[in-house]
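The chain contents come next:
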Amino acid sequence: MTRWLGWLAALGLLAGLAMGFGYAPKDAVQGNVQRIMYVHVPSILTAYLAFALVLIASLGYLFTRRTGWDRLAHSAGEIGVVFTGLTLVSGSIWGKPTWGTWWTWDARLTSTAILFLIYVGYLLLRGMVDDQERGARYAAVVGILGAVNIPIVHFSVLWWRTLHQPPTILSPERAPVSASIGLALLVNGVAFALLFLYLLSKRLALRRLEEEIRA
Amino acid sequence: MMFARRAWIVLWKDLLTERRSKESLNALFFFAVLLLFLFEFALGPDRERLTAALPGLLWLGFILAGLLGLGRTFLVERENDCWEGLLLTPGDKGAIYLGKLAVNFLLMAAVAIVLLGLFGIFYNVDLWASLAPLSIVIFLGTVGLASVGTLFGAMTSQVRARELLFPLLLLPVQVPVLLGTVKATEAVLQGLALAEVAHWLKLLAAADLVYLVVGILTFEFVLEA
């Protein structure tokens, strides 16, 4: 099952690369740099998916006390941090030639960085509690508070300042992108979702082995 | 009724301990003085620069003091072997959270007032004119810091390397509170009406409410075994 997911994800990523570089047109203004969007946007969507899973799994753990929920929260949290990091890095690489700077204190950059820091803290907490069951409880509480804090962080930073273009995918109006770009994004999005599922099942299996060793 | 009474008992017990030992307040007071000097050394004596940075420095100092002060309320319970006593308290653990939160609120409010007074004196800022709006901002900011700080403080008091982990957990979550209080303080010190920063006050109030609800609901999971 995991192996099949892996192959599917690999195929999807290859197709995504082909779509991003071959099928999608070159951006008239930004040139080839714009193609980094096909990594950037799927990364952050995957990270959001992962953190939503952390919230659900944290609630699930506190209500049922089943280790399975804790495993899920832990694994999703780790993968979410990786993809948030990927978003920040790919955004920086895009920002240097486009905006002329690696980093600006723009609202969406800042809130994504804070998201990253909140969940890095979440992972650090897991590493620092010796007792397995207590660590799971504490992490669940932090996972819930971190998630409900996201909208508050979002608005506070938005009012603080903004420069990033409005979101193209998750916006109420129809996306202002051409059909071919949209299709290339979709393929990459599906590929990243497959990759996420593959990494998640790998990480879950690893967590199970870790628990066996500890027991 | 019992809920409020239990919270009150926790508050009263901690206030009594603090009144007799004066451990936290004294230390935090001198920490605030030290911070003031450090800021002055870091920025130089240029008055305009200091005035421009004042709201940020004020809340930065406040949060730094919180990092030292907030974790202590539960650490004291552990050091004095009272943790089991708290665990064995019957009824809703949310009451213990509220009691500890009230202690932390009073402690941090005292720190905020002291810091503000020191800033007024040392940096020659006229605070009397904006005292009423400032106290609203301080109230909202203190609730925001103390609510999360109490929850995380209870958690990290049971963890190795707590003095490392506590700031790492608390600071990113506190970003909205820091932004809101700094922006509101900036406006107030410039003599603007509170209505000008109503959106920040609403954001602070919303954050406080969310933190409080999450704190009350999840505290029983923190205060277990």
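The written sequence of each chain sets the order in which its residues are numbered from 1. Lettering for chains starts from A, numbering for ligands starts from 1, and both go in the order in which the items are written. Local features in this predicted model are restricted to residues of pLDDT 70 or higher, and side-chain atom pairs are both shown and tallied only at a pLDDT of 80 or more, whereas totals for entire chains, interfaces and linings draw on every residue. As a convention, hydrogens and water are excluded, and side-chain values are obtained from all of the structure's heavy atoms.

**A few points about the layout of surface pockets**
Going by this rule: A pocket here means an open set of points on a 1 Å grid, computed over the protein atoms alone, that has protein on both sides within 12 Å along at least five of seven lines. A cavity is instead a set of points where a 1.4 Å probe fits but cannot get out; residues with an atom within 4 Å of a point line either one. Grid points are joined across faces, edges and corners, and a volume is the space filled by probe spheres set on the points. Numbering of helices and strands runs from the N terminus, with a helix taken as a DSSP run of H or I at least four residues long and a strand as a DSSP run of E at least two residues long. For this classification, Asp, Glu, Lys and Arg are treated as charged, while Ala, Val, Leu, Ile, Met, Phe, Trp, Tyr, Cys and Pro are nonpolar and the rest, including Gly, are polar.
Put simply, the second largest pocket is a space of about 500 Å³. Lining the second largest pocket are 20 residues; nearest its centre among them are Trp160 of chain A together with Val175, Leu178, Leu179 and Val182 of chain B. The set of elements that each furnish at least two residues to the lining of the second largest pocket consists of α4 (107-128) of chain A together with α3 (47-69), α8 (162-173) and α9 (175-189) of chain B. When residues of the lining of the second largest pocket are assigned to their parent elements, the largest contribution, six residues, is made by α9 of chain B. For the lining of the second largest pocket, the per-class residue count stands at 15 nonpolar, three polar and two charged.

**Observations regarding the nonpolar core**
Put simply, the test is: Think of a nonpolar core as a cluster: buried Ala, Val, Leu, Ile, Met, Phe, Trp, Tyr and Cys residues, connected wherever their side-chain atoms sit within 4.5 Å. Buried residues are those whose accessible area, probed at 1.4 Å on protein chains only, stays under 20% of the maximum for their type, while exposed residues exceed 50% and partly exposed ones sit between those limits. Contacts are assigned to residue pairs with any non-hydrogen atoms lying within 4.5 Å of each other.
If you look at the biggest cluster of nonpolar residues, it comprises 115 residues, and the most contacted ones within it are Tyr119 of chain A together with Phe119, Phe152 and Phe219 of chain B. Ranked by residue count, the leading element in this core is helix α5 (residues 132-160) of chain A, at twelve residues. For Tyr119 of chain A, the residues in contact, after removing those within four places along its chain, are Phe51, Val54, Val81, Gly143, Gly146, Ala147 and Ile150 of chain A. In terms of nonpolar packing, the next biggest core, distinct from the first, is built from eight residues, Val41, Ile181, Ala184 and Leu185 of chain A among them.

**With respect to the confidence of the model for chain B**
Note that predicted coordinates carrying low pLDDT should not be read in detail. Residue and element names in this part refer to chain B. Our working definition: The predictor attaches a confidence to each residue, and that confidence, scored 0 to 100, is pLDDT.
This prediction gives chain B a mean pLDDT of 89; 99% of its residues lie at or above 70. Least confident of the elements in chain B is helix α5 (residues 83-88), whose mean pLDDT is 84; most confident is helix α7 (residues 131-156), at 93. On the interface metric, ipTM, the complex scores 0.88, and its pTM is 0.88.

**Quick look at the side chain of Glu77 of chain B**
Relative to the elements of secondary structure, Glu77 of chain B occurs in helix α4 (residues 72-79). Look past the residues within four positions of Glu77 of chain B in its chain and what remains in contact with it is Lys13, Asp14, Cys82, Trp83, Leu86 and Lys100 of chain B.

**What about the interface of chain B and chain A?**
Just so we agree on the cut-off: Accessible area that two parts lose when put together, with a 1.4 Å probe and added across both, is what the buried area reports. One side-chain nitrogen of Lys or Arg within 4 Å of one carboxyl oxygen of Asp or Glu is enough to make a salt bridge. For this analysis, a polar contact is any N or O atom pair within 3.5 Å, provided that within protein one partner can donate a hydrogen and the other can accept it, and provided that sequence-adjacent residues contribute only side-chain to side-chain pairs.
Counting residues at the interface gives 30 residues for chain B, matched by 29 residues for chain A. Carbon and sulfur atoms make up 76% of the surface buried where chain B meets chain A, a total of about 2,800 Å² over both sides. Looking only at chain B, the three residues that lose the most surface to chain A are Met155, Arg160 and Phe221 of chain B, adding up to 20% of its buried area. Linking chain B to chain A there are three salt bridges. Taking the shortest distance from any N to any O, the salt bridge between Arg65 of chain A and Glu224 of chain B comes out at 2.9 Å. Our count for the contact surface shared by chain B and chain A stands at seven residue pairs in polar contact (both at pLDDT 80 or more). For the side of chain B that touches chain A, the secondary-structure elements that each account for two or more residues are α7, α8, α9 and α10 (198-222) of chain B. The greatest single-element share of the side of chain B that touches chain A, amounting to ten residues, is contributed by α10 of chain B. Of the residues belonging to the side of chain B that touches chain A, the class tally is 24 nonpolar, three polar and three charged.

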